[in-house]
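# Structural description and commentary
One letter stands for each residue in the lines below.
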Amino acid sequence: MLFRSLMGDFRRKYPAIQIQCDLLGRSQNILKGDYDIYFDISANLPSSAVAIRIDEFDMKLFASAKYLRENGFPKNLEDLVNHQLLSFSPGRTPITYWELTSEAQEQKVKIDINPGMVSNQPYAIKTAMLDDQGIALMPSVLMKAEVEDGELVNLFPDWHVPGLGVYMIYQKQKVRSPKVKPFVSFVKSEFNKYRHDF
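So, here's what we can say about the structure.

How each quantity is defined
Residues numbered from 1 in each chain as written. Predicted model: local features only at pLDDT ≥ 70, side-chain atom pairs only at ≥ 80, totals over all residues. Heavy atoms only, no water. Buried < 20%, exposed > 50% of the residue type's maximum accessible area, 1.4 Å probe, protein only. Helix = DSSP H or I, 4+ residues; strand = E, 2+ residues; numbered from the N terminus. Arc of directions from axis to C-beta. Contact = heavy atoms within 4.5 Å. Pairing = 2+ DSSP bridges.

For an α-helix, 3.6 residues make a turn, and residues three or four places apart therefore share a direction. All buried positions along helix α3 (residues 122-130) are accounted for by Pro-122, Ile-125, Lys-126, Ala-128 and Met-129. In a view along the axis of α3, the buried residues occupy a sector of 160°, so they form one face of it. Among the structural elements, β2 (49-64), β3 (85-88), β6 (117-119), β7 (135-139), α4 (144-149) and β8 (152-154) are those in contact with the buried residues of α3. Just downstream of α3 lies Asp-132, where phi reads positive at about 65°.

Structure (structure tokens):
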């Protein structure tokens, strides 16, 4: 939804600029010149790249209502190891643990995980959850509609991974490009309009 709305409005404003949108690329490809602009939740890039923080989101634990009926509700965070786990792993290094924070309890808990499925694409993990395959730590903004419909359940509302940044990334030398400059300016000035369309 986010990129459909944002890209559509950008194309209406700049119809002469052609957009090729690759949702499966990796951030290192921007350093090879394969992409003009990249969106990622990591800003760990060489000094030749610019990373602009345009938003942030938190992550919480979710599972389908049917999975919980068939497998039981985890008693606490430590009980997660006794369940089927699904891991959204957006970076280049596989995630081996989840570290969650509760401001209400003023605590942090680290849970070692051995997931049955790992993907760098959040919608692949979301699809597996909706297919009742297990529990996942996911961006809460992507789960909102299904939680409201009762398909998915937020397991421990007080516990989350807070403040993960969403970055728009591009090479410094491309900032004056007639394609890149208007898109960067458009996203920086207009992004707040689209942030609820995730």
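Most peptide bonds take the trans form, and the phi angle of most residues other than glycine is negative. Located in the positive-phi region is Asp-132, a residue other than glycine, with phi close to 65°. Residue Asp-132 is classed as partly exposed on the basis of its relative accessible area of 23%.

Turning our eyes to something else, we now look at the pairing of β2. Burial analysis of β2 places twelve of its 16 residues in the buried class, the great majority of the element. Relative to strand β9 (residues 161-171), β2 runs antiparallel, the two being bridged by nine bridges. Along β9, the bridge assignment pairs Ala-49 with Gln-171. Note that β2 and β7 share four bridges and pair antiparallel. Among the inter-strand pairings, Met-59 is bridged to a residue of β7, identified as Pro-139.

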